[in-house]
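# Chains, contacts and geometry: an overview
Below are the chains, spelled out letter by letter.
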Amino acid sequence: MMLAAPDVLLPTMLLSGGGYAGLRHSGYESGSAALLMLLLGGQAGILVAIALPGHSLWLAAGVAGLAASCAAFAAREDVRRLILFGAALAAIQLCDPMGALLAAGMLPAAVSIGGRHYDGREAVGLYALLLFLPVLTAATLLYLGPVRAAGLLQPPGSWLAVGTPISLPARLAVAAAPIVIAAPALALVWGKKPGRAIAFVSAAFLFAGLVAAWRGAIREPVTLLAAAAPLTGAAVAALPEGPWRSGQAIVTCASCLGLSWAVLILVWR
Amino acid sequence: MASNLFCNDGSLPEEPELAFCRQTQSLPLEAPGGAIRTNDLSAENLARLAVRHGRLPVAAISKGDLIAALEQRFRSELTEAATHGLERRHPELSARRVVAWGQGLGAVAILAAGLLGAWLAPFAAGVTLALLLCLGFVANALFRAVLVWAGAGSAGTDTSPDGADAALPRYSILVPLYREARVVEALVAALRALDYPSDRLEIALVAEADDDETLTALATASLDERFFVLAVPPGLPRTKPKAANYALQLLSGEFIVIYDAEDRPEPDQLLKAVAAFRAAPESVACLQARLNFYNARETWLTRMFALDYALWFDFLLPGLETLRVPMPLGGTSNHFRTDALRAICGWDPYNVTEDADLGIRLARLGLRVATLDSTTYEEAPVAFGTWLRQRSRWMKGYMQTWLVHMRNPARLVTHAGIGGLLGLQLFVGGTFLTALLNPLLWAAFLASTIFGDAPATNFLNVPFAHASALSLFAGNALFTYLAMLGPYRRRWLALTPHGLAAPFYWLLISLAAYRGLWQLVVRPWHWDKTEHGLTREPLIFGEPAP
């Protein structure tokens, strides 16, 4: 098992600990939360990344942090959640080469995500606050360009190939795969206020993947597919309270788990 | 004797005459067997007077006449206590002496060690100095980030009103004035707008006896029976804390609040303060209301000042409160339990940020300061010169406060704990040290960038270049972000982008810090008066900020 690899061990710990805590905080009982974590951890991207070398779970960890902080900010726009949301937008750039694109994809929705109305000057102010940390991170990474080109401070994981002879439809399909896997969960919260944040993160993720694919780069598939698990988890955490909530979440996660393996087999074939 | 009127530590066997007169709102007997003249005709008070003077006729006297008569009778004692009370009782806590002998010797020893090190091993000395300075700069930035995080989660004191009118205690308002003729009418209107029973409120407007312009404006102002005017006899030091101490001895409220001449407190502030005091433990001796400006959008300078204040009062002070670190007070809208204020001998008349010093002294007595969820709006200086003089005074005062409380660090730890010592270094000391350091780091960075590996500046290049660049950018980036966060709690988001200009604003603060340092040497107790009434913004009460 490649669990001991640095690109896998630490993000696995973050994903499992943070994921469990997030599900408990959203109201799931400990047993349900543990079962949900097993189902999420059993998704193809996560298991294969843990089992085989050459993969990374940092993108998944970054997406998890972004989804959680975005949902928290949407629920209540207080200072601490604002800081964490900005920090997540900054951190995703350090997690993965796709991170900057993903952060950029969040921009159109960032200010309106909580549903509050802001006039022009207020919106500019809120954007300035949200963008400060990510822009500072991007500028620092640019400044450290020569250092990074020497192989140091590279975000973990890699592009599979740039300009390799893989057809555009195939590249786009791989980029969209994580959203397809998480679709059953996303569909449950689509259009509802708590799920709006998750929908935005998913849309940004799709945007980032499609842009990268269109430009000829394709992200290593398992690393990409692993990001479906935190999107699924964030969506079930946003499910409204109700007597069938736990059952609904378990069935949904099981569906996403099955989909993930089906998609992985298709990709590998 | 005079100092005992003031520093009421209960060590005297008898109550001094002035204290008794204040408590019973009465005049001293003019002659044995004469009438007792009092402003408080309650049965309880009359009984107290009878115990002291025996059964004598009682005559009513108005509040204004009572205060005027007491002031005339005890003027020299009031002045003596106001000027020398703290110094006589606790000389080690008075800023009358700028630097203690031990501090002076210590500074010389450190300087000598530094020069010796620079002579023997210049490169190592340069590296050590660079690292220490940069570490201090970054540590201060990180501490403020921690305070913002802690303050962001602060729920504030409970200010929900409790109980009927009848339960409200007597409240004293104290407003020192000096050359404030322009703002007297607006001040009086703001104080009249305060929502508090008239018969429980006394308002002392404290001017200097030779400030004819202000006294004339007060004489023609529309003052009702709650107000009375005091005239502090001329004398050095001529400072706001001395005037406040003078009035403190005549005020009879269970709680006292101090305001500035240009203040406009929210009308329910006193009610909130009473509720908060009652909900808080006895150890909470002071409540600091939030401050901000009603002319925040007037100029670039007022916008930056508003950002400054928003960060300070909405995040940093609540952060200090949450972490139980001693809190330097802001200069106005400090609400006190009067007994606690007298126990610490009031304000230090020789400290030009007497408010900051008071917060630390409260902590040394085991008392706490909490923040009050109510805002007082002030006038931000519009002209750069006015701003610079005010900020220089604040920097000088913070240096004074740090020097006073660092005379005996071991005793400070005993009184206020390790948190008190660290808070004093990082928050009080850090405020002026980062301001003094900032331009040095910029200069080191620019010199190493411009001159590169030139031999003459080589000692700058290696030790200072990297450390200064890292500290400069990391520290300034963090400070900039915090400045932008400042107005968020009030949702003044239109101000936020102006925070990006904070590094330029801090260079102005650095200028003020050096000016304050110079004044500490040549004129340590000089009070650079801030002019008010210069804003063009209409004084519409309650107008929302930008």
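Since the model is a prediction, treat every value here as computed from it, not as a measurement.

Attention shifts here to the side chain of Gln288(B). Residue and element names in this part refer to chain B. Mapped onto the fold, Gln288 is located in strand β8 (residues 284-293). Judged by its relative accessible area of 1%, Gln288 is buried. At 2.7 Å, the side chain of Gln288 forms a polar contact with the backbone nitrogen of Gly330. Setting aside chain neighbours within four positions, we find Gln288 in contact with Phe313, Leu317, Met327, Leu329, Gly330, Thr332, Ser333, Asn334, Val369, Ala370, Thr371 and Leu372.

Quick look at the interface of chain A and chain B now. The interface of chain A with chain B comprises 20 residues on the first partner and 17 residues on the second. Both sides together, the interface formed by chain A and chain B hides about 1800 Å², and carbon and sulfur atoms give 76% of it. On the chain A side of the interface with chain B, the three residues burying the most area are Arg80(A), Leu129(A) and Phe132(A), jointly 36% of the side's total. For the pair chain A and chain B, the interface holds zero salt bridges. For the pair chain A and chain B, the number of links is three residue pairs in polar contact (both at pLDDT 80 or more).

On to the packing of aromatic side chains. All names here are of chain B. Applying the stated criterion across every chain, the model contains 22 aromatic pairs over all chains. Considering the side-chain rings of Tyr171 and Phe255, the 5.7 Å spacing of their centres and the 40° angle between planes classify their relative orientation as tilted. Of this pair, Tyr171 sits in strand β3 (residues 171-176) while Phe255 is found in strand β6 (residues 255-258), placing the two residues 84 residues apart along the sequence. Residues Tyr171 and Phe255 agree in their burial class; the two are buried. With centroids separated by 5.1 Å and ring planes inclined at 70°, the aromatic side chains of Phe305 and Tyr309 adopt a geometry described as edge-to-face. Highlighted residues: Phe305 and Tyr309, both in helix α11 (residues 300-322), separated by four residues, approximately one helical turn. Per residue, the accessibility class of Phe305 equals that of Tyr309, and both read buried. Linked through ring pairs, Phe293, Phe305, Tyr309, Phe313 and Trp394 together constitute an aromatic cluster. One residue, Arg73, lies across the ring of Phe74, its end atom 4.4 Å from the ring centre.

Residues and elements named next belong to chain A. Where helix α1 (residues 6-25) meets helix α2 (residues 30-41), the axes come as close as 9 Å, and the angle between the chain directions of the two elements is 140°. Taken together, the axes of α1 and α2 lie oblique to each other. As for how α1 packs across α2, the hand of that crossing is right-handed. Along the contact surface, α1 presents Leu15, Ser16, Gly19, Tyr20, Leu23 and Arg24, while α2 presents Ser30, Ala33, Ala34, Leu36 and Met37. Counted by class, the contact of α1 with α2 contains seven nonpolar, three polar and one charged residues.

Here we come to unusual backbone geometry. Residues and elements named next belong to chain B. Cis geometry marks the peptide bond from Leu236 to Pro237; its omega dihedral reads -5°. Within the element layout of this structure, Pro237 appears in the loop between β5 (227-232) and α9 (240-248). Located in the positive-phi region is Cys345, a residue other than glycine, with phi close to 65°. Structurally, Cys345 can be placed in the loop between α12 (338-343) and α13 (354-364). By relative accessible area, which is 0% here, Cys345 ends up buried. One non-glycine residue with positive phi stands out, namely Arg491, at about 60°. Judged by its relative accessible area of 23%, Arg491 falls in the partly exposed class.

Before going further, it helps to examine the confidence of the model for chain A. The predicted model of chain A averages 84 in pLDDT, with 88% of residues at 70 or higher. With pLDDT under 50 throughout, residues 160-164 of chain A is counted as low confidence; its partners more than four residues away or in other chains account for twelve contacts.

Moving on: a nonpolar patch on the surface. Residues and elements named next belong to chain A. Where nonpolar side chains cluster on the molecular surface, the patch consists of Leu9, Leu10, Met13 and Leu14 and spans about 360 Å² of accessible area. Note on placement: Leu10 falls in helix α1. Leu10 sits in the partly exposed class, given a relative accessible area of 42%.

The next subject is helix α9 (residues 168-189) of chain A. Residue and element names in this part refer to chain A. The end-to-end C-alpha distance of α9 is 31 Å, a good match for the 32 Å that 22 residues give at a rise of 1.5 Å each. Along α9, the sharpest change in direction is near 60° and occurs at Ala183; proline Pro184 comes one to four residues later. Buried within α9 we find Arg171, Val174, Ala175, Ala177, Pro178, Ile179, Ile181, Ala182, Ala185, Leu186 and Val189. In the segment just after α9, Gly191 is the residue with positive phi, at about 85°.

This part takes up the environment of Val257(B). Residue and element names in this part refer to chain B. Tracing the chain through its elements places Val257 in strand β6. Remark: the alpha-carbon pair of Val257 and Phe479, spanning 222 residues in sequence, is separated by 32 Å. With near-sequence residues (within four places) excluded, Val257 lies in contact with Tyr171, Ser172, Ile173, Leu174, Leu270, Ser333, Asn334 and His335.

Our focus in this paragraph is the pattern of salt bridges. This structure, assessed with the given rule, holds 26 salt bridges over all chains. Of the charged contacts in the structure, one is a salt bridge between Arg245(A) and Glu241(A), with a shortest N-O distance of 3.9 Å. Here Lys240(B) makes a salt bridge to Glu354(B), at a shortest N to O gap of 3.7 Å. Highlighted residues: Lys240(B) in helix α9 and Glu354(B) in helix α13, separated in sequence by 114 residues.

A few words on the state of the cysteines. Residue and element names in this part refer to chain A. All chains considered together, the criterion is met by zero disulfides over all chains. There is no disulfide at Cys95, and the cysteine sulfur nearest it, in Cys70, is 16 Å away. The cysteine Cys256 is free of any disulfide, with Cys253 supplying the nearest cysteine sulfur at 6.2 Å.

Looking now at helix α10 (residues 269-279) of chain B. Along an α-helix, residues three or four apart share an orientation, since each turn contains 3.6 residues. Across the eleven residues that make up α10(B), a large majority, eight, are buried. All of the buried residues along α10(B) are Gln269(B), Leu270(B), Lys272(B), Ala273(B), Val274(B), Ala275(B), Ala276(B) and Phe277(B).

Glancing now at the environment of Arg536(B). Residues and elements named next belong to chain B. Looking at where Arg536 falls in the secondary structure, it is placed in the segment after α17 (502-522). The exposure class assigned to Arg536 is exposed, which follows from its relative accessible area of 67%. Along the backbone, Arg536 and Val382 are 154 residues apart, and their C-alpha atoms lie at a distance of 9.0 Å.

Here the focus is the packing of helix α2 (residues 17-24) of chain B against helix α4 (residues 63-89) of chain B. Residues and elements named next belong to chain B. Put simply, α2 and α4 touch, their axes get as near as 11 Å, and they point 140° apart. Considering the angle they form, α2 stands oblique to α4. Judged by the sense of rotation from one axis to the other, the crossing of α2 with α4 is left-handed. Where α2 approaches α4, its residues Glu17, Leu18 and Cys21 are matched on the opposing element by Leu70, Arg73, Phe74 and Leu78. The class makeup of the residues in the contact of α2 with α4 is five nonpolar, no polar and two charged.

Cut-offs applied
- Counting of residues starts from 1 at the beginning of each chain's written sequence and follows it residue by residue.
- Each chain gets a letter, beginning with A, and each ligand a number, beginning with 1, in the order they are written.
- Totals for whole chains, interfaces and linings use every residue, but because this is a predicted model, local features are given only for residues with pLDDT of at least 70 and side-chain atom pairs only at 80 or more, for both listing and counting.
- Heavy atoms from the whole structure form the basis of all side-chain values; hydrogens and water molecules are not counted.
- Runs of H or I in DSSP of at least four residues are treated as helices and runs of E of at least two as strands, each being numbered from the N terminus.
- Summary of the burial criterion: residues with accessible area below 20% of their type's maximum are buried, those above 50% are exposed, and those between are partly exposed, where the area comes from a 1.4 Å probe applied to protein chains only.
- Here a polar contact means two N or O atoms within 3.5 Å. Within protein one must be a hydrogen donor candidate and the other an acceptor candidate, and residues neighboring in sequence count only if both atoms are side-chain atoms.
- Should any heavy atoms of two residues lie within 4.5 Å, those residues are considered in contact.
- Defined here as a combined quantity, buried area equals the accessible surface (1.4 Å probe) lost by two parts on assembly, summed across both.
- Salt bridge criterion: a side-chain nitrogen from Lys or Arg within 4 Å of a carboxyl oxygen from Asp or Glu.
- Paired rings are identified among Phe, Tyr and Trp, the last through its six-membered ring, by centres lying within 6.5 Å, and are further divided according to the angle between planes into stacked (under 30 degrees), edge-to-face (over 60) and tilted (the rest).
- Here, a charge over a ring means that NZ of Lys or CZ of Arg falls within 6 Å of the ring centre while also lying within 35 degrees of the ring normal.
- Whenever a helix is involved, its axis is fitted only over the stretch in contact; in every case the axis is a line through C-alpha atoms, and angles between N-to-C directions fall within 0 to 180 degrees.
- By definition in this entry, angles of less than 35 degrees are roughly parallel, angles greater than 145 are roughly antiparallel, angles of 65 to 115 are roughly perpendicular, and the rest are oblique.
- Put simply, a crossing is left-handed when the front helix is turned counterclockwise from the back one by less than a right angle, and right-handed when it is turned clockwise.
- When residue character is reported, Ala, Val, Leu, Ile, Met, Phe, Trp, Tyr, Cys and Pro are called nonpolar, Asp, Glu, Lys and Arg charged, and the others, Gly included, polar.
- Every residue carries a pLDDT, the predictor's confidence in it, which falls somewhere between 0 and 100.
- In this analysis, a patch consists of residues with relative accessible area above 30% that form no salt bridge, clustered at 9 Å for like charges and at 5 Å for the nonpolar side chains Val, Leu, Ile, Met, Phe, Trp and Tyr.
- Exposure was quantified through the Shrake-Rupley algorithm and a 1.4 Å probe, taking into account, for residues, occlusion by the shown protein chains and nothing else.
- What a helix should span is 1.5 Å times the count of its residues minus one.
- Across the chain, bend at a residue is computed as the angle between axes fitted to the seven residues ending at that point and the seven starting from it.
- Any two cysteine sulfur atoms within 2.5 Å of one another count as a disulfide.

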